[in-house]
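# Examination of the molecular architecture
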Amino acid sequence: MILLPRNRQPTGGIAPRIDWSNPITKGLVYADPGQFGRNLVTGQQSSALTGTKVQGSASGLVRGFGSTFGTGSTDANVTSLTTNATHRTYIITVMRNGAGGGGFGRILDKRTGGAASEVILWSSSTSQLQYGRVHTTANAQWDFPVGTLPVGAPQVIGVSYDSGSTANDPLFYVNGAQQTAAESITPSGTPVDNSDAYVIGNRTNDNARNWDGWIGEVLIWDRILSPAEVLRVSQN
């Protein structure tokens, strides 16, 4: 186990610890098991954790976003992680209640000021989860299968992407099972990085894309996890 199993997580404000003896932790750069607002890898606190409340669920400790599960449209976790990476894997436990701000609620958005460099969002226009990576000429976008994230159903979603070549497609996972990544916008040029923080549950340049639901464990690696590793983590 990377972290304590979800049914053994503490019910208070003390977060579980990382088991660094587990080889899956290689390349782990961010771990927040229940939206405590603290990266367990570095010990750094989020720079802002606003307008939200911690709630208990069958998936462990989670944080609500939006007016139903959180407190409103400004809910956001501005993390301490600010660096992009060529190789990235994201594994996030999430529940969707609605479409979110503007119909494009953010699970993750790397921006606090200007333009984003990377996003994971829900698109109400296509009823799909989408992963986007900004490039210099044409931004990249891929869609999860329709029906991936039904309302009220907690899911563990995974995204792995090697941005070293525009020929690469990300690998998508739901509850550890690999999904088809449909390319809806073909990337062109080179990936655009920025120095902004990764924001969970919103985009804080305008607070117009809050998530509607809750987000629990967020894990980020600077490497591509194998399908077997994603399955193990998703079943943790």
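What counts and what doesn't
Residues numbered from 1 in each chain as written. Predicted model: local features only at pLDDT ≥ 70, side-chain atom pairs only at ≥ 80, totals over all residues. Heavy atoms only, no water. Phe/Tyr/Trp six-rings, centres within 6.5 Å; stacked < 30°, edge-to-face > 60°. Helix = DSSP H or I, 4+ residues; strand = E, 2+ residues; numbered from the N terminus. Buried < 20%, exposed > 50% of the residue type's maximum accessible area, 1.4 Å probe, protein only. Pairing = 2+ DSSP bridges. Arc of directions from axis to C-beta. Contact = heavy atoms within 4.5 Å. 1 Å grid on protein atoms, 1.4 Å probe; cavity = no way out; pocket = protein on both sides within 12 Å on 5 of 7 lines; lining within 4 Å. Points joined across faces, edges and corners; volume = space filled by probe spheres on them. Nonpolar A, V, L, I, M, F, W, Y, C, P; charged D, E, K, R; others polar. Salt bridge = Lys/Arg side-chain N within 4 Å of Asp/Glu carboxyl O. pLDDT = per-residue confidence, 0-100.

It is worth spelling out the packing of aromatic side chains at this point. Considering all chains together, one arrives at five aromatic pairs under this definition. Look at Y131 and W142: their rings are 6.1 Å apart centre to centre, the planes differ by 20°, and that puts the pair in the stacked class. With Y131 in strand 9 (residues 128–133) and W142 in strand 10 (residues 140–143), this residue pair connects regions lying eleven residues apart in the sequence. The buried category is assigned to Y131, whose relative accessible area is 1%.

Direction of pairing for strand 11 (residues 155–162) relative to strand 12 (residues 171–174): antiparallel, over a ladder of four bridges. Pairing of V159 across the sheet is with F172, part of strand 12. Relative to strand 13 (residues 177–179), strand 12 is paired through three bridges, and the arrangement is antiparallel. Of the residues in strand 13, the one forming a bridge with V174 is A177.

Every buried residue of helix 2 (residues 227–234) is accounted for by E229, V230, V233 and S234. End-on view of helix 2: buried residues confined to an arc of 130°, all on one side of the axis. In this structure, the buried side of helix 2 is in contact with strand 6 (87–96), strand 11, strand 12 and strand 16 (213–221).

Estimated volume of the largest pocket: approximately 240 Å³. Lining the largest pocket are 16 residues, with V119, G132, V134, N139 and Q141 positioned closest to its centre. If you list the elements that add at least two residues to the lining of the largest pocket, you get strand 8 (118–123), strand 9 and strand 10. In terms of residue class, the lining of the largest pocket is built from eight nonpolar, five polar and three charged.

This next bit is on the pattern of salt bridges. Under the definition given, this model contains six salt bridges. Among the ionic pairs, R88 bridges to D222, the shortest N-O distance being 2.6 Å. Taken together, the residues R88 in strand 6 and D222 in the loop between strand 16 and helix 2 connect sequence positions 134 residues apart. A residue is classified by how much of its surface remains accessible, and D222, at 33% relative accessible area, is partly exposed.

With that settled, consider the confidence of the model for the protein chain. Atom-level detail of predicted coordinates should not be read off regions where pLDDT is low. With 91% of its residues at a pLDDT of at least 70, the protein chain reaches an overall mean of 91. The model gives residues 4–13 a pLDDT under 50, and that stretch makes 22 contacts with residues more than four places away or in other chains.

Turning next to the pairing of strand 9. Along strand 9, six of the six residues are buried, which leaves the element largely enclosed by surrounding structure. In terms of strand pairing, strand 8 meets strand 9 through six bridges, oriented antiparallel. Across the sheet, the residue bridging to I120 is Y131, located in strand 9. Between strand 8 and the antiparallel strand that follows it, strand 9, lie four residues; S127 among them carries a positive phi value of about 55°. Relative to strand 10, strand 9 runs antiparallel, the two sharing four bridges. Residue Q130 lies in a different strand from strand 10, and its bridge partner there is D143. Between strand 9 and the antiparallel strand that follows it, strand 10, lie six residues.

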